[in-house]
Amino acid sequence: MGSITLMHYLVLGALLFCCGLLTMVVKRNAVGILIGVELVLNAANVNLVAFGRYRGAGIDGQAAALFVIVLAAAEAAVAIAIFMNFYRHLTTVDVDRGDLLRG
Amino acid sequence: MTMFAPLAGIWMPSPQDLRLFGAELSLVAAIVALLVLSMLFGRSERLGAGVALAAAVAVIFFCRDAAGLVDTGARAALTPPGAASMLVADRFTVFFKLLLALFLATIIWLWMTGAAAGRTGGEVRPVPAGPEFFVLLLTSMLGMSLMVATPNLLVMMIAVETASLPSYMLAASDRRSRAGAEAALKYVLFGATTAAVMAYGLSLLFGLFGTLDLPAIAAAVSVKGMPALGWIAMAAFLVGVAFKISAVPLHFWCPDVFEGAPVEVATWLSVASKAAGLGLLLRIVAAFGGDVPATIALPLAWGVGLVAAATCTLGNLAALRQESVKRMLAYSSIAHAGYMMMAAAIPPAAAGDATVRPAMAAIVSYLFVYLLMNLGAFGVTAMVAWSQGSDRLAAFTGLGRRAPWLAVPMSICLFSLVGLPPLAGFAAKWWLLAALGQGADRHSWLWWLVFVAVINTAVSLYYYVRVIRQMFLADDERLERLAVPVGGLALANGCAVLLLLLGTVAFGLMRDRSLAYAACLARAAPESVVAAQDRLAWNGGPEGMVVNGADRP
């Protein structure tokens, strides 16, 4: 077993990204899609922190990851509020039920 | 004062620098004031409108002030010594902030008209309730102002989110509306997805180039070339920008949101969101001009051109078969975003070259004219929808007799959207095509874009004229005259008169102002490029993605 290198983190990030993308495409439940979004955002975080550590750009990578964490939290708060509002009207968060607007 | 001693070494921006960003600061102040005042004096909508209007006036004041400061052509930035700039102020950003502030004021005007109509008329009229509406409106404007004012990828991403998150909530601001709830759901899911992809692209770009500063990345690329992964990362980052512009294939949210959201919100998003996205795209494209070799600048331009042509064509084709006028205008706004993106596709030439400037100036004037004609068209649609309870084409039947002072400005705005002389829409589109033709002297593939734009203009005539036909040629004697609020009449006719003036006597004025505002974008901040190159030399540059543990700092 060799030591853990940058490549390991990048592969982890890429895997997280693919899982997230798959979740966003496959899930029909709005909360499920949001979880996919969080996976992709965390893939970005893993990349940022790994690059920041191994490529020696000061703390830029870690600082950027902090911002992305805050963005993810803000986005989740807003998204869930909107899901609740949708739920009040349709008693479901299945995105396929949102078929009023189309064309 | 020993307790402040540790603060002595911290960099503080000079008051001169802060004056340049007075627009953003006054927006922040207004947002905080609105939250505090609504706690002190109760949830009054008038208070919200008043504070938001004051913020718009303050932004206009500070923009005029900043325009004077940057008028020498220099660009200033909030930059600690030795670091890359995070925010810049140049004439281009000043233009965008002015545009947004003027537009904000007219949106508040539209809202007040609607609120007054709702109180006196007594019809079913969704009034976005409470001061939160204005807090969200101002916050989205803050995000949009930052979007056009930064050369840093991370700040771009934060700005895009600052603009997007309030917009999602604005779409659902009428909580009784099921369509609004659905529109917001689609908007937030689409936006969150694209933002996540954008963040992933950003992380890869950071890894490849060791910096998030756009001029520094451009400098690195021009020295060492663009790796294949760099293109993928760049495309992923641009996904987030394309979402804001509603460029194909990321346009699906646009018609749904515009149809489901309250009409003030749809109007706001139709111009402001697209303008800010375009400003961001222009800054990215301009950064890859100058000294960046053609092997990198050209594929980027081709990509933008291809997306622009697709956006324009699909927007127009989808608009042909719409029965809801709001939805038709949504597709028309997609098509117009396509026209404007075409000018962004003109490859920036060497730094001293004059070709970029007409293209930038064309976009600047097109945006202003687009604001007026879209505002007029959406405003009239709002008046009709408020009094008829429907925005279907059928609701416009006989409007020429029932409300001539709505039908005439609506026709002027629609003809201007087509781009017929002597209206400002014609002048703006003509100038855009002229800029494309001028660029085609060096890159003959730009003629294809001109061709696509002209064909699309002809196609768009059909669906705009359909509304005009319904207003003047179809009539039903049983339909009564419309009672239209005076504020709405003033808004629609004001837009129409301005379109007529700008297309004819005031065209030269618009041209001069646009050229002045477009002047500074193409120039990259030299000091940040030098700093970034030093940093890159220290980092080892973009090559060698596979770095072993031996590289650990």
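Everything here concerns the structure above.
Participant: For this particular structure, what's the right way to read the overall build of chain A?
Facilitator: A count of helices and strands for chain A gives three helices and zero strands. Starting at the N terminus and walking to the C terminus, you meet the elements of chain A as α-α-α. Classification of the 103 residues of chain A by burial places 47% in the buried group. Within chain A, contacts between residues separated by at least 24 positions form 55% of all contacts whose residues are at least 6 apart in sequence. Accessible surface for chain A amounts to roughly 5100 Å². Of this, 71% is attributable to carbon and sulfur atoms.

Participant: Before we go on, may I ask you to explain the overall build of chain B in this structure?
Facilitator: Helix and strand counts for chain B stand at 21 helices and two strands. Expressed as a percentage of its 553 residues, the buried residues of chain B come to 62%. Taking the contacts inside chain B whose residues are at least 6 apart along the sequence as the reference set, 82% of them involve residues at least 24 apart. Element-wise, carbon and sulfur atoms account for 69% of the exposed surface of chain B, whose accessible area totals about 19800 Å².

Participant: What should I look at first to understand a nonpolar patch on the surface in this one?
Facilitator: All names here are of chain B. Together, Val28, Val32, Leu35, Val36, Met39, Leu40 and Phe41 make up an exposed nonpolar region whose accessible area comes to about 720 Å². If you trace the backbone, Val36 turns up in helix 2 (residues 22–41). Residue Val36 is classed as partly exposed on the basis of its relative accessible area, which comes to 38%.

Participant: Before we go on, may I ask you to explain the interface of chain B and chain A in this structure?
Facilitator: One widely used convention gives an interface's size as the accessible area the parts lose upon coming together. The partner chain A presents 49 residues to the 57 residues of chain B that form the contact. Roughly 4600 Å² is buried in total at the junction of chain B and chain A, and carbon and sulfur atoms are behind 70% of that figure. Our count for the contact surface shared by chain B and chain A stands at zero salt bridges. Put simply, chain B and chain A have four residue pairs in polar contact (both at pLDDT 80 or more) between them. Looking at the side of chain B that touches chain A, the elements with two or more residues in it are helix 6 (153–171), helix 7 (178–209), helix 10 (253–260), helix 13 (325–344) and helix 21 (526–539) of chain B. If you tally residues by element for the side of chain B that touches chain A, the top one is helix 7 of chain B, at 24 residues. Residues of the side of chain B that touches chain A, tallied by class, amount to 31 nonpolar, twelve polar and 14 charged.

Participant: Would you take a moment to explain the side chain of Thr23 of chain A for this structure?
Facilitator: All names here are of chain A. Take Thr23: it is sitting in helix 1 (residues 6–26). A relative accessible area of 18% places Thr23 in the buried class. Polar contacts involving the side chain of Thr23 include one to the main-chain carbonyl oxygen of Cys19, which spans 2.6 Å. For Thr23, the residues in contact, after removing those within four places along its chain, are Gly32, Gly36 and Leu39.

Participant: How should the state of the cysteines be read in this particular structure?
Facilitator: In protein structure, a disulfide is the covalent linkage between the sulfur atoms of two cysteines. For the coordinates displayed, the defined rule picks out zero disulfides over all chains. Among the cysteines around Cys19 of chain A, which has no disulfide bond, Cys18 of chain A carries the closest sulfur, lying 7.1 Å off.

Participant: Is there a simple way to think about the packing of aromatic side chains in this case?
Facilitator: Remark: the centre distance and the inter-plane angle together describe each pair of aromatic rings, the angle taken between the planes. Residue and element names in this part refer to chain B. What the rule picks out here adds up to 20 aromatic pairs over all chains. Between Phe95 and Phe96 the ring centres are 5.4 Å apart and the planes differ by 75 degrees, which places this aromatic pair in the edge-to-face class. Residue classification places Phe95 among the buried residues on the basis of a relative accessible area of 7%. When its relative accessible area of 1% is taken as the criterion, Phe96 is described as buried. Consider the rings of Phe426 and Trp430, whose centres lie 6.1 Å apart with planes at 25 degrees: the pair is stacked. You can see Phe426 and its partner Trp430 sitting in helix 17 (residues 424–439), four residues apart, about one turn around the helix. Residue class for Trp430 comes out exposed when judged on its relative accessible area of 57%. Aromatic rings pair up to connect Tyr168, Tyr187, Phe190, Phe243, Phe252, Trp253, Phe258 and Phe378 into one cluster.

Participant: Hey, could you run me through the pattern of salt bridges in this one?
Facilitator: Proximity of charged atoms lets side chains of opposite charge pair with each other. Residues and elements named next belong to chain B. Summed over all chains, the structure comprises eleven salt bridges over all chains. For Arg176, the salt bridge goes to Asp174, with nearest N and O atoms at 3.4 Å. On the basis of relative accessible area, Arg176 is assigned to the exposed category, the value being 60%. Residues participating in the shared-partner salt-bridge network are Glu182, Lys186, Asp256, Glu259, Arg327 and Arg392.

Participant: Sorry if this is basic, but what is going on with the environment of Ala318 of chain B here?
Facilitator: All names here are of chain B. Assignment of secondary structure puts Ala318 in helix 12 (residues 294–319). Among the residues examined, Ala318 registers a relative accessible area of 11% and is labelled buried. In this structure the C-alpha to C-alpha distance between Ala318 and Pro255, which are 63 residues apart in sequence, comes to 10.0 Å.

Participant: What exactly am I supposed to notice about helix 8 (residues 214–224) of chain B here?
Facilitator: Side chains three or four residues apart in an α-helix point the same way, a direct result of the helix having 3.6 residues per turn. Residues and elements named next belong to chain B. Of all eleven residues in helix 8, eight are buried, a share of seventy percent or more. Among the residues making up helix 8, those that are buried are Leu214, Pro215, Ala216, Ile217, Ala218, Ala219, Ala220 and Val221. Of the residues trailing helix 8, Gly225 is marked for its positive phi of about 85 degrees.

Scoring rules and cut-offs
Residues numbered from 1 in each chain as written. Chains lettered and ligands numbered in written order. Predicted model: local features only at pLDDT ≥ 70, side-chain atom pairs only at ≥ 80, totals over all residues. Heavy atoms only, no water. Helix = DSSP H or I, 4+ residues; strand = E, 2+ residues; numbered from the N terminus. Buried < 20%, exposed > 50% of the residue type's maximum accessible area, 1.4 Å probe, protein only. Contact = heavy atoms within 4.5 Å. Areas by Shrake-Rupley, 256 points an atom, 1.4 Å probe, with all protein chains shown as cover. Patch = residues over 30% accessible without salt bridge, like charges linked within 9 Å, V, L, I, M, F, W, Y side chains within 5 Å. Salt bridge = Lys/Arg side-chain N within 4 Å of Asp/Glu carboxyl O. Buried area = accessible area lost by both parts, 1.4 Å probe. Polar contact = N/O pair within 3.5 Å; in protein donor to acceptor, adjacent residues only side chain to side chain. Nonpolar A, V, L, I, M, F, W, Y, C, P; charged D, E, K, R; others polar. Disulfide = S-S within 2.5 Å. Phe/Tyr/Trp six-rings, centres within 6.5 Å; stacked < 30°, edge-to-face > 60°.

Take it as geometry only, folks, not as evidence of what the structure does.
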